[in-house]
Amino acid sequence: MESGDIAIAIRFGSGMWADGQASVLFEDEIFPVCSSNFAQSAGNIETPHDLLAYPLISYTADDPTWTGWSEWLAAFAVELPKRKSGLRCSFYTEAIYAALNGQGITLGWRRLVDDLLVQGG
């Protein structure tokens with residue numbers, strides 16, 4: 001951006017950048033996802049609090065605006081226990097693959113997991 005050779009860039013974030021103007025392209029939806037087999041064995045999960053009974057797959061995010069389980073659950077007034085069982089992955093894609101393989105539940109961004117949902121992963 002600093003070189004001046006770039007006319008347009010697509011970024012994820014708040015849009016508060018000093019090196020240009022920002023326009024929102026789209027909003028996204030974040031929700032829990034798991035494999036269909038895991039969902040069948042889990043039964044009815046009716047509230048965000050019900051998720052705490054299952055292994056929650058988390059991931060490391062370098063971007064502080066990336067929503068994790070603590071932030072997502074807090075939006076529903078649910079506190080994530082300090083010692084919650086579940087797999088911790090280094091990357092978001094690893095968390096998605098772990099969920100696809102029945103290891104638990106992770107958070108999915110609609111624009112990133114829509115194709116998997118259509119395929120019935």
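The sections below set out a description of the structure shown in this document. Keep in mind that what you see is a predicted model, and the values were worked out from it rather than measured.

1. Topic: the nonpolar core
In globular proteins that are soluble, nonpolar side chains generally tend to be buried together.
Here comes step 1: Core analysis: the biggest nonpolar cluster contains 24 residues, and Leu56, Tyr59, Trp69, Leu73 and Ile105 have the highest contact counts within it.
Here comes step 2: Listed by contribution, the elements that provide at least two residues to this core are β1 (30–33), α1 (36–42), α2 (69–74), α3 (92–100) and β4 (106–109).
Here comes step 3: Here this core gets 5 residues from one element, more than from any other, and that element is α3.
Here comes step 4: The residues touching Tyr59, leaving out its near neighbours within four places in the chain, are Trp66, Thr67, Gly68, Arg88, Cys89, Phe91, Tyr92, Ala95, Thr106, Leu107 and Trp109.

2. Comments concerning the pairing of β1
It is a general feature of regular strands that their side chains alternate between the two faces of the sheet.
Here comes step 1: Side chains Phe31 and Val33 project from β1 onto a buried face, and the interleaved Ile30 and Pro32 project onto a face without burial.
Here comes step 2: As paired strands, β1 and β4 are joined by 4 bridges and run antiparallel to one another. Bridging from a neighbouring strand, Pro32 pairs with Leu107 of β4.

3. Remarks on the packing of α3 against helix α4 (residues 110–119)
Here comes step 1: Relative orientation of the contacting elements α3 and α4 amounts to 25°, with a least axis distance of 12 Å. Relative to α4, α3 is oriented roughly parallel. The element α3 and its partner α4 pack so that their crossing is right-handed. Together, Tyr92, Ile96 and Leu100 of α3 and Leu112, Val113 and Leu116 of α4 make up the contact between the two elements.

4. A word on the environment of Pro48
Here comes step 1: Here Pro48 lies in the loop between α1 and β2 (58–59).
Here comes step 2: Taking the C-alpha atoms as reference points, Pro48 and Leu73, separated by 25 residues in sequence, lie 6.7 Å from one another.

5. Remarks on the packing of aromatic side chains
Aromatic ring pairs are reported here in terms of the distance separating the ring centres and the angle at which the planes meet.
Here comes step 1: This model, assessed by the stated rule, comprises 8 aromatic pairs.
Here comes step 2: Aromatic side chains Phe38 and Tyr54 sit 6.1 Å apart centroid to centroid with 70° between the ring planes, which places their arrangement in the edge-to-face category. Of this pair, Phe38 sits in helix α1 while Tyr54 sits in the loop between α1 and β2, and the two are 16 residues apart along the sequence.
Here comes step 3: Here Trp66 and Tyr92 contribute two aromatic rings whose centre-to-centre distance is 5.8 Å and whose plane-to-plane angle is 80°, an arrangement assigned as edge-to-face.

6. Details of unusual backbone geometry
Here comes step 1: Despite not being glycine, Ala77 has its phi angle at roughly 60°, a positive value.
Here comes step 2: In this structure, Ala77 sits in the loop between α2 and β3 (88–89).

Rules used in this analysis
Residue indices begin from 1 for each chain and proceed along its sequence in written order. Restriction of local features to residues with pLDDT of at least 70 applies here, the model being predicted, together with a cutoff of 80 or more for giving and counting side-chain atom pairs; totals for whole chains, interfaces and linings are based on all residues. Side-chain figures throughout are based on the complete set of non-hydrogen atoms in the structure, without hydrogens or water. As used in this record, nonpolar core signifies buried Ala, Val, Leu, Ile, Met, Phe, Trp, Tyr and Cys residues forming a set joined through side-chain atoms within 4.5 Å. In this scheme, a residue with accessible area under 20% of its type's maximum is buried, one over 50% is exposed, and one in between is partly exposed, where area comes from a 1.4 Å probe on protein chains only. Helix and strand labels come from DSSP, where a helix needs a run of H or I of at least four residues and a strand needs a run of E of at least two; each type is numbered from the N terminus. Every residue pair with non-hydrogen atoms within 4.5 Å of one another is taken to be in contact. Criterion used throughout: strands pair if DSSP finds at least two bridges between them. Only the stretch in contact is used when fitting a helix axis, every axis being a line fitted to C-alpha atoms; angles between N-to-C directions are given from 0 to 180 degrees. Here the angle decides the label: under 35 degrees means roughly parallel, over 145 means roughly antiparallel, 65 to 115 means roughly perpendicular, and every other value means oblique. The handedness criterion is simple: a crossing whose near helix is rotated anticlockwise from the far helix by less than a right angle is left-handed, and one whose near helix is rotated clockwise is right-handed. Stacked, tilted and edge-to-face are the three classes applied to pairs of Phe, Tyr and Trp rings, where Trp contributes its six-membered ring and a pair requires centres within 6.5 Å; stacked means planes under 30 degrees apart, edge-to-face means over 60, and tilted covers the rest.

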